[in-house]
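# Report on the structure
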Amino acid sequence: MVLKVFFPSCCSLADSGILIGRWISEQNSAVILAVVHFPFIPVQVKQYLGEVQRVTKVSVSVLGSWSNSKQEKEESLSEFLEDLGTIFCHEPWIQISKEGDSKFWSCSTLQKHSKNPQEEEIILVYYDQRKVMLSHLHPPLDTAGQRAEDASKLSVIFDTVARSQVLFLTDRYDEGPIKLTHWQSDGVEASIIVELLKQASVPACMLLTFLLSLVSGICRSRVLKFWPLSFLWSKLSTCEQLGHRLQHLQVISSNKKAQNQNQLMRKANIFVSLLIDVALGILLMSWLYRKNRIGHLADTLIPVADHVAEELQDLLQWLMGAPAGLKMNRALDQVLGRFFLYHIHLWISYIHLLSPFIEMILWYVGLSACLGLTVALCILSDIIALLTFHIYCFYVYGARLYCLKIYGLSSLWRLFRGKKWNVLRQRVDSCSYDLDQLFIGTLLFTILLFLLPTTALYYLVFTLLRLLVVIVQGLIHLLVDLIDSLPLYSLILRLCRSYRLAAGVKFRVLEQQDGKPLRLLMQINPLSYGGVVQTYRLPTYSCYPRDSWASLCKKLFLGELIYPWKHKGDKQN
């Protein structure tokens, strides 16, 4: 039978003593947790292990002896270590000794109370106690049923180490009667700054929770549900981003403790994302207010708007002539061209009316960067939407007119074939028409067909302009979603302490020699960077269109309006 001994690598330089740990009879395995040094009193060791077992609910006992050969030559403890097996009475009694500077260790078992002792093959597995403790690969199990079900799995090893956290709180500087060697024996890992932040976080979270409750109460009030406030809240991406960040602040300031590792990582990712977002926003704000950059931006904005309007006027004049040598319907061409030119004239008047206040507006908008870079980017997206509102109007007018003609032609085409659309059954049925209906249908079909190229050309031009604006807004929103959803804390943790994000374990053979125990090293397999992003990615508020290319081309052909950025309010939790 094979005996597996899991030995912590931090105890390889420990002084001679006894091994304490947990014996797993189902696997014929021993998990060594610490080494107790001499001198000690066996009664005190048993009392200490009883207290640990009562707190951790883990059957911790003395499993054997550990002998450091250099110290053994000085103190001659070999006989005493063998006699300890009769005091603590554990079968089998494990004896591990380090043979000087040799890389091979000797590991044997004693079975004094067994009538037919059998020689067992021993596998000595080294593990990093700190990494196993902090990996959270197999969290502690809460019920006995789950513990019995996983008794044959490697999770029992991680469960034993994770539950024995109380045992690792004693270091060598304590004045107790028992001296231990484990992964924190040189000093318990702690930070004064972290402890002070923990103490200060309680009143800060209470104050933040109170303020957030007031803000959320105002947001839920009936005032914001009336038009036009409800319309603006649903259409402006700035309002959506502020609501999204408000939810993040509520998650962070919640007094509810995280139930598992995923919830803890989600809170940490949100907190780091908020910190980096605000830091980038403050940097942007400091850059804007240096050297009067906002004044220069306001002075540049009006000439740019005038230049865009002039280019649109030149484009309309080109469409009102013979664009690309195409023969258009002159009457309809002139009507549409003058209609759009009048809108451009209104737009230029609107821009020049706001020109005295643009610098002041930009000055206050720049202050919003202190709320985060994402808020500033959303405001930029809304400003682009407002500045290109005339292009959106042109696109809507052209799309509606083109869509009306397409559906009119399709309906009249069914008239020629003796068909009609059944509204109740949502299908095409046969129908008989009289001569007058066919004559009027033929005239209307001819008129719409010959007017279609002129309308289609205007629709195509304004659709391309609209798509250009949509692409710019889409890139801005992609950057916003990248900052919102990227698990920055998890990525930093993966870079610095990869064992905290474990995906599994692997074993590496260290040494193998006849007559010696097989020595293995258990290592933690970290998650890949792609796995970290996929596992801990934060939800976003934006709902991207999931249309395929075929569906998008169909909408463009039929003249249906395309809303590239829909805010449905279905925020994921």
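Fair warning: this is a prediction, and the values are worked out from it, not measured in the lab.

### Points about the packing of helix H10 (residues 261-288) against helix H17 (residues 488-496)
Contact pair H10 / H17: the axes reach a minimum separation of 7 Å and the direction vectors enclose 105°. If you check the angle between H10 and H17, you find them roughly perpendicular. On H17, the residues touching Met265, Ala268, Asn269, Val272, Ser273 and Ile276 of H10 are Leu488, Tyr489, Ser490 and Leu493. Among the residues making up the contact of H10 with H17, the classes are represented as seven nonpolar, three polar and no charged.

### Observations concerning the packing of aromatic side chains
Tallying each qualifying case throughout the model produces 15 aromatic pairs. Relative to Phe462, the ring of Tyr458 lies with its centre 6.2 Å away and its plane at 45°, an arrangement referred to as tilted. Residue Tyr458 and its partner Phe462 are located together in helix H16 (residues 435-485), separated by four residues, close to a single helical turn. The pair Tyr458 / Phe462 is uniform in exposure class, with both members buried. Aromatic rings pair up to connect Phe339, Phe340, Phe394, Tyr397, Tyr458 and Phe462 into one cluster. Across the ring face of Tyr529, the terminal group of Arg494 is positioned such that the distance to the ring centre comes to 4.6 Å.

### With respect to the pattern of salt bridges
For side chains bearing opposite charge, pairing can occur when the charged atoms are close. By the definition in use, this model includes four salt bridges. Between Arg22 and Asp159 there is a salt bridge, and its shortest N-O distance comes to 4.0 Å. Of this pair, Arg22 sits in strand S2 (residues 17-24) while Asp159 sits in helix H6 (residues 155-163); the two residues are 137 residues apart in sequence, bridging distant segments of the chain. Pair check on accessibility: Arg22 and Asp159 agree, each one buried.

### Overview of the UniProt feature "transmembrane region" (unreviewed entry) in the chain
On the UniProt side, "transmembrane region" (unreviewed entry) is annotated at positions that read residues 200-219, 270-289, 335-354, 361-388, 394-416, 437-461 and 467-492 here. Secondary structure within residues 270-289 divides into 95% helix and 0% strand; the distance between the first and last C-alpha atoms comes to 28 Å. In residues 361-388, helix accounts for 79% and strand for 0%; the two terminal C-alpha atoms are 17 Å from one another.

### Things to note about the environment of Pro39
Looking at the element boundaries, Pro39 is found in the loop between strand S3 (29-37) and helix H1 (42-56). Owing to a relative accessible area of 74%, Pro39 belongs among the exposed residues under this scheme.

About the thresholds
All residue numbers here refer to positions counted from 1 along the written sequence of the relevant chain. Only residues with pLDDT of at least 70 get local features here, since the model is predicted, and only at 80 or more are side-chain atom pairs given and counted; chain-wide, interface and lining totals rely on the full set of residues. Excluded from the side-chain calculation are hydrogens and water; included are all heavy atoms of the structure. To get an axis, a line is fitted to the C-alpha atoms, and for a helix only the part in contact is used. The angle between two axes follows their N-to-C directions and goes from 0 to 180 degrees. Labels follow the DSSP assignment, with helices taken as runs of H or I lasting at least four residues and strands as runs of E lasting at least two, numbered in each case from the N terminus. Convention used here: angles under 35 degrees read as roughly parallel, angles over 145 as roughly antiparallel, angles from 65 to 115 as roughly perpendicular, and any remaining angle as oblique. Note on contacts: a residue pair qualifies if any of its non-hydrogen atoms lie within 4.5 Å across the two residues. Under the grouping applied here, Gly and all other residues not named as nonpolar or charged are polar, the nonpolar ones being Ala, Val, Leu, Ile, Met, Phe, Trp, Tyr, Cys and Pro and the charged ones Asp, Glu, Lys and Arg. Stacked, edge-to-face and tilted labels apply to pairs of Phe, Tyr and Trp rings (six-membered ring for Trp) whose centres lie within 6.5 Å, assigned for plane angles under 30 degrees, over 60, and everything in between, in that order. A simple rule labels every residue: compare its accessible area, found with a 1.4 Å probe on the protein chains alone, to the largest value its type can have, and call it buried under 20%, exposed over 50%, or partly exposed in between. The criterion for a charge sitting over a ring is simple: Lys NZ or Arg CZ within 6 Å of the ring centre, and within 35 degrees of the ring normal. We define a salt bridge as a side-chain nitrogen of Lys or Arg found within 4 Å of a carboxyl oxygen belonging to Asp or Glu. UniProt positions are given in the numbering used here, feature names are shortened, and annotations may be inferred rather than shown by experiment.

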